[in-house]
Amino acid sequence: AKAMTLYRNFYKSDIIVASPLGLRRLFDGDAGDSDDGSDGDAPRKPPRSGVPKSKSKAKGASPDFLSSIELCVADGLDVFSMQNFDHLTTVLSLLNTIPSKPRDTDFSRIREYFIDGHARFFRQTILTSQYIAPHFLALFRQHCLSHAGRALLTTSFPSPTISRVPAGVRQRFERVPGASTDAAAAIEARFAAFTDSLLPRVTAAGALVGNTLIFVPSYFDFVRVRNRFVKMGKEADPGAESERLRFAALSEYTPAPDVTRSRARFFHGYSPFMLVTERFHYYHRYLLRGADTVVFYGLPENAEFYPEVVRFLADKRRAAAPGDAGGYKSAIPKRVFVLYDDFDRLSLERVVGKERAKSMTGPLSLKKYLFV
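These remarks concern the structure in this document.

Scoring rules and cut-offs
The residue count restarts for each chain, going from 1 along the sequence in the order it is written. Since the coordinates come from a predicted model, pLDDT governs what is reported: local features require at least 70, and pairs of side-chain atoms require 80 or more to be given and counted, while whole-chain, interface and lining totals use all residues. Only hydrogens and water are set aside when side-chain values are computed; all heavy atoms of the structure are taken into account. Comment: elements are numbered from the N terminus, with helices defined as DSSP H or I runs of at least four residues and strands as E runs of at least two. Only protein chains enter the area calculation, which uses a 1.4 Å probe; residues under 20% of their type maximum are buried, those over 50% are exposed, and those in between are partly exposed. By the convention used here, residues are in contact when the closest approach between their heavy atoms is within 4.5 Å. Note on aromatic contacts: the rings of Phe and Tyr and the six-membered ring of Trp form a pair at centre separations within 6.5 Å, being stacked when their planes are under 30 degrees apart, edge-to-face when over 60 apart, and tilted otherwise. Here a cavity denotes a set of grid points, spaced 1 Å apart and computed over the protein atoms alone, in which a 1.4 Å probe fits but from which it cannot get out, and a pocket denotes an open set meeting protein on both sides within 12 Å along at least five of seven lines; residues with an atom within 4 Å of a point are reported as lining. Grid points are joined across faces, edges and corners, and a volume is the space filled by probe spheres set on the points. Side-chain classes follow a simple rule in which Ala, Val, Leu, Ile, Met, Phe, Trp, Tyr, Cys and Pro form the nonpolar group, Asp, Glu, Lys and Arg form the charged group, and the remainder, Gly included, forms the polar group. A pair is scored as a salt bridge if a Lys or Arg side-chain nitrogen falls within 4 Å of a carboxyl oxygen belonging to Asp or Glu.

**A closer look at the environment of L370**
For step 1, the next point in the chain: Secondary-structure assignment places L370 in strand β9 (residues 368–371).
For step 2, the next point in the chain: Given the relative accessible area of 41%, L370 is considered partly exposed.
For step 3, the next point in the chain: For L370 and R170, which are 200 residues apart along the polypeptide, the C-alpha to C-alpha distance reads 6.9 Å.
For step 4, the next point in the chain: If sequence neighbours within four positions are ignored, L370 has contacts with R170, Q171 and R172.

Structure (structure tokens):
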């Protein structure tokens, strides 16, 4: 009789359901598993009270059980992208490698192309995602190597997400000047455009911008922008100038008490600037009230986040006058600034539409575009 048994030994299983992080921890020795995979899912025994943990790192399990994978399904690259995408690339690179030990293998049943190290060319790999990103395409080209070929199936978005932005919000898209073929040069050009052109406009004395929320998709860029604000605060003269440069920073690593404190300081105007990463918005979806200006350091990978972040510009209720039940409605105009370059083409298509994105990134494109 046929039956299904859960939580079996890896080497005796027909189907493995796992997360990239779980497998990476298993291989790195952080999950407390043995090399033969016999207790691959056994819970770790808690240490006795008062006994210090051993400083020696546990031996990681061998990835030999991934050598015979014939069908690999990575369901939700958009979700993996909101985690450490390197975990997924590492696991895919370990598929169909030559095992380090023969174990109880029946060599008479092994196909010749497995012994020759060509198993990856006979593996079917399926990748799914809600949208396309450059690193998704790179993963597709690097790990989808079937001899039968590969196919990329895409779907068009029904409408650009900019159509869901409330009317009356001035959205200025500014193209970053610089190299369009060198990714490293594009990163430097974006930071230079932000610090030399855009940032002075929202930090200048007397600038009618109110509170400014800066949305940074990449955590690495987030750290760089945060360090820039720290440096500007140290170089500023004590007094009104240093107070004008106070900021709060929210990332996926920010503790919950700091999140609450930063949101309150931004809403009440004690911190005129707020730095937010895309992963923070993905995991928490907080309504960050108090923003008068939104700056997109780069377009979000998930186009749904663009109108959600712009809606933070809704009339803020702050410093209500006595007896005024409606609160204080800011007279500062709501504005959005977006930095983009040719590498943002796919994200730009989902936000403004395919035809507009084509004209905004072409050789005859303008430097600035205004949407109202």
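What follows continues from the structure just given.
**Side note on the packing of aromatic side chains**
For step 1, the next point in the chain: As enumerated under the stated definition, the model contains 20 aromatic pairs in all.
For step 2, the next point in the chain: On the numbers, 5.9 Å between centres and 90° between planes, the contact of Y11 with F65 is edge-to-face. Taken together, the residues span a long stretch of sequence, with Y11 in the segment before α1 (20–28) and F65 in the loop between α1 and β1 (71–75) at a distance of 54 residues.
For step 3, the next point in the chain: Using a relative accessible area of 5% as the deciding quantity, one classes F65 as buried.

**Thoughts on the layout of surface pockets**
For step 1, the next point in the chain: Taken as a whole, the largest pocket holds about 1800 Å³ of empty space.
For step 2, the next point in the chain: Forming the boundary of the largest pocket are 47 residues, of which F65, L66, S67, S68 and I69 lie nearest the centre.
For step 3, the next point in the chain: Going through the elements one at a time, α1, β1, α3 (85–93) and α4 (112–115) are the ones with two or more residues in the lining of the largest pocket.
For step 4, the next point in the chain: The element contributing the most residues to the lining of the largest pocket is β1, with five residues.
For step 5, the next point in the chain: Counted by class, the lining of the largest pocket contains 28 nonpolar, eight polar and eleven charged residues.
For step 6, the next point in the chain: As for the second largest pocket, its lining consists of 30 residues, and the residues nearest its centre are H135, P217, S218, D221 and E301.
For step 7, the next point in the chain: Among the elements that make up the lining of the second largest pocket, the one with the highest residue count is helix α6 (residues 183–203) (four residues).
For step 8, the next point in the chain: Of the residues contributing to the lining of the second largest pocket, the split by class is 15 nonpolar, seven polar and eight charged.

**So, the pattern of salt bridges**
Opposite charge on two side chains permits them to pair, given that their charged atoms come into close proximity.
For step 1, the next point in the chain: Per the counting criterion, the structure on display carries 15 salt bridges.
For step 2, the next point in the chain: Close ionic contact of D64 with R103 constitutes a salt bridge, the shortest N to O distance being 3.2 Å. In this pair, D64 sits in the loop between α1 and β1 while R103 sits in the loop between α3 and α4, placing the two residues 39 residues apart along the sequence.
For step 3, the next point in the chain: Given the relative accessible area of 7%, D64 is considered buried.
For step 4, the next point in the chain: We classify R103 as partly exposed; its relative accessible area is 31%.
For step 5, the next point in the chain: R190 is the salt-bridge partner of D341, the closest N and O atoms lying 3.1 Å from each other. Residue D341 is located in the loop between β8 (335–340) and α12 (345–352), and its partner R190 is located in helix α6; the two are separated by 151 residues in the primary sequence. Each member of the pair, D341 together with R190, is buried.
For step 6, the next point in the chain: Residues joined in a network through salt bridges with shared partners are R24, D28 and D86.

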